Number of protein chains: 2
Amino acid sequence: FNSQDGLHPSEKLLSIAKQLNKNVEDLDFALYMDEQDPLRHLRNDFFYPKMKDLVSTDVSILDAEEDCVYFCGNSLGLCPRNTKQHMDVELDKWAKLGVQGHLNGVLPWAHCDECVDMDMARLVGAKEGEIALMNGLTVNLHLTLISFYRPTPTRHKILCESKAFPSDHYAFESQIRLHGYDPATSLVCIEPRQGESTLRTEDILKKIEEEGDSIAAVCFSGVQYYTGQLYDIPTITAAGQKKGCYVGWDLAHAAGNVELYLHDWNVDFACWCTYKYMNSSAGSLGGFFLHERHRHNDFPKLLGWWGHAMDTRFKMDNKMDLSPGAYGYRISNPPGLLVVPTKASMEVFNKTSMKELVGKSRLLTGYLELLINRCYHKPAGAVDGDGDHVYVDIITPSDPKQRGAQLSLSFNINVHQVINELSRRGVVCDKRLPHVIRVSPAPLYCSFQDVHRFMRYLADSLEAAKNCTEPVDSSKHH
Amino acid sequence: FNSQDGLHPSEKLLSIAKQLNKNVEDLDFALYMDEQDPLRHLRNDFFYPKMKDLVSTDVSILDAEEDCVYFCGNSLGLCPRNTKQHMDVELDKWAKLGVQGHLNGVLPWAHCDECVDMDMARLVGAKEGEIALMNGLTVNLHLTLISFYRPTPTRHKILCESKAFPSDHYAFESQIRLHGYDPATSLVCIEPRQGESTLRTEDILKKIEEEGDSIAAVCFSGVQYYTGQLYDIPTITAAGQKKGCYVGWDLAHAAGNVELYLHDWNVDFACWCTYKYMNSSAGSLGGFFLHERHRHNDFPKLLGWWGHAMDTRFKMDNKMDLSPGAYGYRISNPPGLLVVPTKASMEVFNKTSMKELVGKSRLLTGYLELLINRCYHKPAGAVDGDGDHVYVDIITPSDPKQRGAQLSLSFNINVHQVINELSRRGVVCDKRLPHVIRVSPAPLYCSFQDVHRFMRYLADSLEAAKNCTEPVDSSKHH
Ligand SMILES: Cc1ncc(COP(=O)(O)O)c(C=O)c1O
Ligand SMILES: Cc1ncc(COP(=O)(O)O)c(C=O)c1O
């Protein structure tokens, strides 16, 4: 199960199939792969939704008792089974102890965030003092930009990817305006080359080289939400820093999904949410990283009492004694009930490592890629609009080092009706109309069999949607 | 139970006692008052901690099965009984539906905050569109200051109370620094007069009159955390605005405690937490108020996708279409699990009104004041250091219109040991060493009998602490 041996996952899968004398398209093969999966038991640590429970399924065409196909961990991770148990403990503590719960129990609320942040640090490659758990993702992005984006007339730009996640885009624009600059001239968004969907590292580096002297902060997402592309974080970070820029990352789709070494990569700052691959419930606490070398920075900050050193915090003498590092960026006291699912999730992650998880993930997503390409690859010479044929172009890079679990599938048809049919069959994934479906087999709880079932339901859905399919419109492809 | 008839609550209580031919100091009287209390049943809507469950109690000196005396609602409100039930529903939804929980169920997570914010609006006197529920209190304070504190060389000050809550103080300082000004010259903190503990409205108005032209924002707490003083919000607001200042309020200790009419009072902005009198769990979602007349303001803001109008938010075209009013200040998507206790708490508040609650509260706190004054008032001519006598000076104003549920009791002895003894007896309250104990009989779940029991345990504690009491030190009194 070690996929880090140079072979592309699909080659590896084909060679395993060959050794076994099996066809990768047979259920048999998927079942074999699940048997070999050293992490397959982790699925039992989650509540995996059943067909009968989803609001969208049509139980007349499927087995109601079966698990659904949950390929939406890039949007909202599943509920760790221990969550309810831990929640009951905290609610019971509140009921029985009231305010004494701040300093007692499993998660003393006054420092509940500190009970799990080192577990999280391990997942993103951070050291003690570099991590805080607080607020929401975009709020944290603002807090870092208040410190790291300090524009001057000669260095006032923020460099980001075109089609950055909307929230990040609005954060950049409003930060630029806050300082009296104009996003039209201060926000630089790199576009992919004509006819391409993803950014080339060389183009990013070129842009940094060209405009770096006027760029205050470089801020990309680690894994692009739409394309699923994983950027080369260490290379881009180093290039930006060489030009005197601060370099930060929105790791919403990267944390818990790909291997990260934020400290070693010398990343200046980073933020992420914990409700996607980190399975910590909708809108839960955000993650925040500040590199150790900024530990004692004197940058502007939005301060609050929770950034005050703990041992003197309750002197309440209004003399700020700032915690060094990430803790100094904490503002409000932490919400105990949100740390509960995070704790439950970290307990599952603690049974493995990002290395091991990525090993599985590459094979699992590679398997999905392999089957999609086998079934829906446009043969050379085929015309897009040729009658019944449905083709899929995988926008996400094929290079496993340039992606995580997600594949963004671009169809040569409008997928509106297909999505409906997939939903009726209990496939939970994410649409970006008109042409794109994003699917993410999260390795903590998805199986090779799930991938196989997805392929079957996709075929059924395409068939069922045929009559309703809107006219093929190749111009909108991508 | 209508205390708004001009009589001071203690006079009212004495007149009731006289009619009944009872002594206010007798348990009998407290029991009678509880019987007459139209809100007494609301206590059953909360888990009221038992003596045996607290970590501090000594069951050898009390009845383990008895309720404790919970006078700490000014710090952390008790757990509404429905919380667990609502939590189970949301956790079950997550388990069964995964991401489909965003748009389904009792609290669809994508707009769970909107399910309760009108209930909260009623409690603070706000209109639709003026309220948002998000982040923590100090974070929200920063978000409002980003909009409302825009210093210029001639108008760069923030006016606040001396001994503002530390978090607010740090927020003010850091906002001033963010704009390149110096707190030493831009942060104006009003002190009480020599020998007084609370601020006089006339002094605040005088300061505003004197310095108003250079003040950008006036920001006080509604109820002062240390003294329990309720400021005259409408008068101070109007005075500040008359001088061209924006006027905002930190309502941490006021929301759910006193009657508020934020809209009618023309308050510019306000923030509060929901974990004190609003019983919504430690560190839970903050409240945010923006007056309707700022609904379409073009002030600087820290923007995120959750401020984007809902109907176009998921077009994801990175063109900001800002929600008007308070919703435009939302940044990150809301945490579903934190709305759960808020919902449970609002359900209890929905059974009454702030008017009715304050009616009870004035009598309840008036009863506490009456008994404290009877037992511990320093007789004229008595010397502070005279041997065994313990005197209490109530810092909090006696005028019921100038306070909420809390009384801040300043002792002529160091209360360190007294607090320990109170804790052993199951009295949960808040100490500010060396001399002050803050006690808050929250009217939603505290009774007249609780006040009576508090008095008994206080007497016992003073007696028990006698041997350990540090020397009387009248200089630190206040
Ligand atoms: C008056 C006041 N302001 C601010 C705060 C800080 O609140 P938070 O930690 O929720 O930001 C508190 C907390 O008790 C408070 O009482
Ligand atoms: C890349 C990225 N950035 C920002 C956000 C917004 O997160 P939040 O609402 O937690 O601030 C998301 C949410 O999905 C995201 O995927």
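We now turn to the structure provided with this report. (Residues numbered from 1 in each chain as written. Chains lettered and ligands numbered in written order. Predicted model: local features only at pLDDT ≥ 70, side-chain atom pairs only at ≥ 80, totals over all residues. Heavy atoms only, no water.)

**Thoughts on the site of ligand 2**
So, step 1. Of all residues adjacent to ligand 2, which total 13 residues, the nearest are Thr138, Asp250 and Tyr275 of chain A together with Trp305 and Ser332 of chain B.
So, step 2. Of the chains in the model, those with residues near ligand 2 are chains A and B.
So, step 3. Asp250 of chain A is positioned with one of its side-chain polar atoms (N or O) 2.6 Å from a nitrogen atom of ligand 2.
So, step 4. Between ligand 2 and the protein, one listed contact pairs an oxygen atom with a side-chain N or O atom of Trp305 of chain B at 2.7 Å.
So, step 5. For the shell around ligand 2, the class distribution of residues is five nonpolar, five polar and three charged. (Near = heavy atom within 4 Å. Polar contact = N/O pair within 3.5 Å; in protein donor to acceptor, adjacent residues only side chain to side chain. Nonpolar A, V, L, I, M, F, W, Y, C, P; charged D, E, K, R; others polar.)

**Quick look at helix H9 (residues 233-242) of chain A**
All names here are of chain A.
So, step 1. Along H9, the positions that sit buried rather than exposed are Ile233, Ile236, Thr237, Ala239 and Gly240. Relative to the axis of H9, the buried residues are bounded by an arc of 165° and lie together on one face.
So, step 2. Against helix H8 (201-211), strand E7 (215-221) and strand E8 (246-250) lie the buried residues of H9.
So, step 3. Looking one or two residues past H9, Gly244 carries a phi angle of roughly 85°, positive in sign. (Buried < 20%, exposed > 50% of the residue type's maximum accessible area, 1.4 Å probe, protein only. Helix = DSSP H or I, 4+ residues; strand = E, 2+ residues; numbered from the N terminus. Arc of directions from axis to C-beta. Contact = heavy atoms within 4.5 Å.)

**Concerning the pairing of strand E15 (residues 436-439) of chain A**
All names here are of chain A.
So, step 1. Side-chain alternation along E15 places Val436 and Arg438 on one buried face and Ile437 and Val439 on a second face that is also buried.
So, step 2. In this sheet, E15 lies alongside strand E12 (residues 407-411) in antiparallel orientation, the contact comprising four bridges. Bridging from a neighbouring strand, Ser408 pairs with Arg438 of E15.
So, step 3. Relative to E15, strand E14 (residues 430-432) runs antiparallel, the two sharing three bridges. Paired with Arg432 across the bridge in E15 is Val436.
So, step 4. In textbook terms, the turn of a hairpin is the stretch between consecutive antiparallel strands, and for E14 and E15 this stretch comprises three residues. (Pairing = 2+ DSSP bridges.)

**Some remarks on the site of ligand 1**
So, step 1. The environment of ligand 1 is made up of 13 residues, and the closest members are Trp305 and Ser332 of chain A together with Thr138, Asp250 and Tyr275 of chain B.
So, step 2. At a separation of 2.7 Å, an oxygen atom of ligand 1 approaches a polar side-chain atom of Trp305 of chain A.
So, step 3. A distance of 2.9 Å separates a nitrogen atom of ligand 1 from a polar atom in the side chain of Asp168 of chain B.
So, step 4. Protein burial of ligand 1: of its 400 Å² of free accessible surface, 97% is covered by the chains.
So, step 5. Looking at the shell around ligand 1, the elements with two or more residues in it are helix H5 (137-148) and helix H6 (166-178) of chain B.
So, step 6. When the residues that make up the shell around ligand 1 are grouped by side-chain class, the tally is five nonpolar, five polar and three charged. (Areas by Shrake-Rupley, 256 points an atom, 1.4 Å probe, with all protein chains shown as cover.)

**Points about the interface of chain A and chain B**
A common way to state how big an interface is: give the accessible area lost once the parts meet.
So, step 1. Contact residues are listed per partner, giving 80 residues for chain A and 81 residues for chain B.
So, step 2. With both sides pooled, the region where chain A packs onto chain B buries about 6300 Å², and carbon together with sulfur makes up 67% of that total.
So, step 3. Of all residues in chain A, the largest losses of buried area upon contact with chain B belong to Trp94, Tyr170 and Asn318 of chain A, amounting jointly to 13% of the total for that side.
So, step 4. Counting across the interface, chain A meets chain B through two salt bridges.
So, step 5. Note that Asp88 of chain A and Lys84 of chain B form a salt bridge whose closest N and O atoms lie 3.0 Å from each other.
So, step 6. Elements represented by at least two residues in the side of chain A that touches chain B include exactly strand E3 (79-80), helix H3 (82-97), helix H5 (137-148), helix H6 (166-178) and helix H11 (336-349) of chain A.
So, step 7. Residue classes in the side of chain A that touches chain B are distributed as 44 nonpolar, 26 polar and ten charged. (Buried area = accessible area lost by both parts, 1.4 Å probe. Salt bridge = Lys/Arg side-chain N within 4 Å of Asp/Glu carboxyl O.)

**With respect to the state of the cysteines**
So, step 1. Tallied over the full model, the rule gives zero disulfides over all chains.
So, step 2. No disulfide involves Cys68 of chain A; its nearest neighbouring cysteine sulfur is the one of Cys446 of chain A, lying 8.5 Å away.
So, step 3. The thiol sulfur of Cys273 of chain B is not disulfide-bonded, and the nearest other cysteine sulfur, from Cys271 of chain B, lies at 10 Å. (Disulfide = S-S within 2.5 Å.)

Everything listed here is a matter of coordinates, which is why it stays silent on function.
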